[in-house]
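# Working through the structure, step by step
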Amino acid sequence: MRFQGKITRWQDHRGFGFITPNGSGEDIFLHISDLDDSQRPSVGGLVTYTIGENAKGKKAMNVQFVVKKAPIRERKKPSSFNWFKWIKPVVIAVVILCIFRAHIFEDASKPVDTELFEAQQTPLNTNTFQCNGRTQCSEMTSCEEAKFYLKHCPSTKMDGDQDGIPCESQWCRS
């Protein structure tokens, strides 16, 4: 006759433990050699079993787990690094960098239009300044522009010491 119970004590390093029968009764000795399954026993595992005798008394025999755990699958070791998986993106990146670099050197080899360059360096008239969302000194091109923004535009962050002079370390040095 088969009985059902729960493993309540288990010493894995020694290979034995005890089953508490469902209902009532005293604990039954369980040795790992009496398991029919390849599953490792652990506390709380539900099992069915028959009762046998050994020199020390009753013991569980033909022990089977009621709910089997999924077998543990061995993790496969990667065979080796797959170079072909990485070659395509690397080649694409190198080609893009070469094209980008060639474009930069092409622009650098063109002659500079000095009139346009000088026009960009001349200070702008304050009548041409407009509030367009710039708030930092690094976004300004002159002290006059910074003063205009501080006076006319909201939410500027150019007068850290609140003395009325904006961008003192960059544009409006005394």
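Summarised in this report is the structure supplied together with it. The structure displayed is predicted, hence computed values, not measured ones. (Residues numbered from 1 in each chain as written. Predicted model: local features only at pLDDT ≥ 70, side-chain atom pairs only at ≥ 80, totals over all residues. Heavy atoms only, no water.)

## Things to note about the pairing of strand β3 (residues 28-31)
Heads up, the rule is: Accessible area is worked out with a 1.4 Å probe on protein chains only. A residue is then buried under 20% of its type maximum, exposed over 50%, and partly exposed in between. A run of H or I in DSSP counts as a helix once it spans at least four residues, and a run of E counts as a strand once it spans at least two, with each numbered from the N terminus. Paired strands, as defined in this entry, are two strands with at least two bridges between them according to DSSP.
Because side chains alternate across β3, one face comprises the buried residues I28 and L30, and the other comprises F29 and H31, none of which is buried. Pairing between strand β2 (residues 16-21) and β3: 4 bridges, direction antiparallel. Bridged to G17 within β3 is L30.

## Digging into the nonpolar core
How we decide: We call a set of buried residues a nonpolar core when its members are Ala, Val, Leu, Ile, Met, Phe, Trp, Tyr or Cys and they connect through side-chain atoms within 4.5 Å of each other. Contacts: residue pairs with any heavy atoms within 4.5 Å of one another.
Grouped together as the largest cluster of nonpolar side chains are 11 residues: I7, W10, I19, I28, L30, L35, V47, Y49, A60, V63 and F65. Mapped onto this core, the elements with two or more residues apiece are β1 (3-11), β3, β4 (46-54) and β5 (57-65). When residues of this core are assigned to their parent elements, the largest contribution, 3 residues, is made by β5. When residues no more than four places from it in sequence are discounted, the contact partners of I19 are G5, K6, I7, T8, D27, I28, L30, V47, Y49 and A60. Of all hydrophobic cores here, the second largest spans 9 residues; its members include M140, F148, M158 and C167.

## Considerations on the state of the cysteines
To keep things clear, this is the line we draw: We call a pair of cysteine sulfur atoms a disulfide when they lie within 2.5 Å.
Going through the model one piece at a time under the given rule, you end up with 3 disulfides. Each sulfur of the disulfide joining C143 and C172 lies 1.9 Å from the other. Judged by the sign of its S-S torsion, about 115 degrees, the cystine formed by C143 and C172 is right-handed. Linking C143 in helix α3 (residues 143-152) with C172 in the segment after α3, this pair joins segments that are 29 residues apart in sequence. The same class applies to C143 and to C172, which are both buried. The connectivity of the disulfide bonds within the protein chain can be written as 1-4, 2-5, 3-6, using the sequence rank of each bonded cysteine.

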